[in-house]
Amino acid sequence: MTLLEVKNVSKEYVPGVKALSDINFSIQQGEIVSIIGPSGAGKSTLLRCLNRMIDATEGEIIFDGVNVLKLKKQELRNLRREIGMVFQHSNLVDRLTVMENVLHGRLGYTSTIKGMFGIFTKEDKQEAEKIIQMLGLSEQINQRADSLSGGQQQRVGISRALIQQPKLILADEPIASLDPSSSRVIMDYFKDINQQMGITVLLNLHQVDVALKYSDRIIGVNGGKIVFEGLPSQVSQETIQMIYGADAEQLIMNVGE
Ligand SMILES: Nc1ncnc2c1ncn2[C@@H]1O[C@H](COP(=O)(O)OP(=O)(O)O)[C@@H](O)[C@H]1O
Ligand SMILES: [Mg+2]
């Protein structure tokens, strides 16, 4: 089943300057797909268009049968519940605990007033505990977010996305600020979330080797256009050259290691 379909999407921040140009692709339910490409290629712009953090200038985005670009306020809230977002910097509230940060992800389901006073149901709390445990953070559950390591903070960010019970998780460079070992841990969690929970995952990644290892499919972006779409096994040195242009050499060396 097709979960997401992107048709002829373009984005201009500045009139006449295309950050994205005629983007077409679809994502099947249950896939884990990585978007790779050099800095400035349009990867973040693309993810942000998908859940309407920003509005595409042209085209159609169909998520789970719904035309995302036509949604009004309440419908948009519903959409954002179904699409969890994970960022490079986990965007946690520093002074709140792990538990409180995760419960924040639940706000889409509770009335704003209740959320403001931190009133969550017993079920919400149990669900948060379950997810926190799954992400290996039980011991840190009552610690302030700013006392955690970068990798732990990212796991809180993922937990906060998961408590929404999303159909799709969008992750924008989720390991860009982490060391290789924490990166591996985080990517293994994405794989688990995908395989065990059946949640579709779309990642922006700068690290080609990681993308190849963890993804069912790769989308290569350069200059706001899709320049490659295929299986990890179809990504050759020429492909990397095409996607990264002048930046390719360094990457090819890394992949070869
Ligand atoms: N808020 C913005 N206003 C104007 N231009 C932007 C904005 N955000 C990104 N851009 C431009 O859009 C292009 C794509 O950027 P981005 O999506 O951030 O690329 P990536 O995530 O692949 O590094 C770049 O040329 C960038 O300068
Ligand atoms: Mg980016």
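The structure this text deals with has already been given above.
Residues numbered from 1 in each chain as written. Chains lettered and ligands numbered in written order. Predicted model: local features only at pLDDT ≥ 70, side-chain atom pairs only at ≥ 80, totals over all residues. Heavy atoms only, no water.

### Side note on the sheet that holds strand β2 (residues 17-28)
Across the sheet, four strands lie side by side as β2-β1-β4-β5; this open sheet has antiparallel pairing. Every interior strand has two partners, whereas the edge strands, β2 and β5 (66-67), have only one. With eight bridges joining them, strand β1 (residues 2-14) and β2 adopt antiparallel strand pairing. Bridging from a neighbouring strand, Val9 pairs with Ile23 of β2. (Pairing = 2+ DSSP bridges. Helix = DSSP H or I, 4+ residues; strand = E, 2+ residues; numbered from the N terminus.)

### Thoughts on the nonpolar core
With 47 residues, the main nonpolar core has Ile158, Leu162, Ile169, Met187, Phe190 and Leu203 as its most contacted residues. The contacts of Ile158, once residues within four sequence positions are left out, are Val86, Leu135, Ile186, Phe190 and Ile193. One finds Ile23, Ala56, Phe63 and Val68 within the second-largest nonpolar core, a separate group that totals 30 residues. (Core = buried A, V, L, I, M, F, W, Y, C linked by side-chain atoms within 4.5 Å. Buried < 20%, exposed > 50% of the residue type's maximum accessible area, 1.4 Å probe, protein only. Contact = heavy atoms within 4.5 Å.)

### A closer look at the environment of Leu47
Along the chain, the position of Leu47 falls in helix α1 (residues 43-50). Here the alpha-carbon distance between Leu47 and Gly105, two residues 58 residues apart in the chain, equals 19 Å. When residues no more than four places from it in sequence are discounted, the contact partners of Leu47 are Ile35, Met85, Leu170, Ala171, Asp172, Leu202 and Asn204.

### What to know about unusual backbone geometry
One non-glycine residue, Gln165, lies in the positive phi region at around 55°. The phi torsion at Glu173 lies on the positive side, around 50°, for a residue other than glycine. When you line up the elements, Glu173 lands in the loop between β7 (168-172) and α7 (180-197).

### Things to note about the layout of surface pockets
Here the second largest pocket is characterised by a volume of approximately 260 Å³. Residue lining of the second largest pocket: Ile175, Leu178, Asp179, Pro180, Ser183, Arg184, Met187, Gln207, Asp209, Val210, Lys213 and Tyr214, and that is the complete set. Contributing elements (two or more residues each) for the lining of the second largest pocket: α7 and α8 (208-214). (1 Å grid on protein atoms, 1.4 Å probe; cavity = no way out; pocket = protein on both sides within 12 Å on 5 of 7 lines; lining within 4 Å. Points joined across faces, edges and corners; volume = space filled by probe spheres on them.)

### A word on the packing of aromatic side chains
In the structure shown here, the tally under the stated rule is zero aromatic pairs. Seen from the ring of Tyr13, Lys11 lies directly overhead, with NZ or CZ sitting 5.2 Å from the centre. (Phe/Tyr/Trp six-rings, centres within 6.5 Å; stacked < 30°, edge-to-face > 60°. Lys NZ or Arg CZ within 6 Å of the ring centre and 35° of its normal.)

### Thoughts on the site of ligand 1
Around ligand 1, the neighbouring residues are Tyr13, Ala19, Pro38, Ser39, Gly40, Ala41, Gly42, Lys43, Ser44 and Thr45. At 3.4 Å, a side-chain N or O of Tyr13 approaches a nitrogen atom of ligand 1. In isolation ligand 1 has 560 Å² of accessible area, and contact with the protein removes 55% of it. Looking at which element gives the most residues to the shell around ligand 1, the answer is α1, with three residues. Of the residues contributing to the shell around ligand 1, the split by class is four nonpolar, five polar and one charged. (Near = heavy atom within 4 Å. Polar contact = N/O pair within 3.5 Å; in protein donor to acceptor, adjacent residues only side chain to side chain. Areas by Shrake-Rupley, 256 points an atom, 1.4 Å probe, with all protein chains shown as cover. Nonpolar A, V, L, I, M, F, W, Y, C, P; charged D, E, K, R; others polar.)

So yeah, pure geometry; function would need other evidence.
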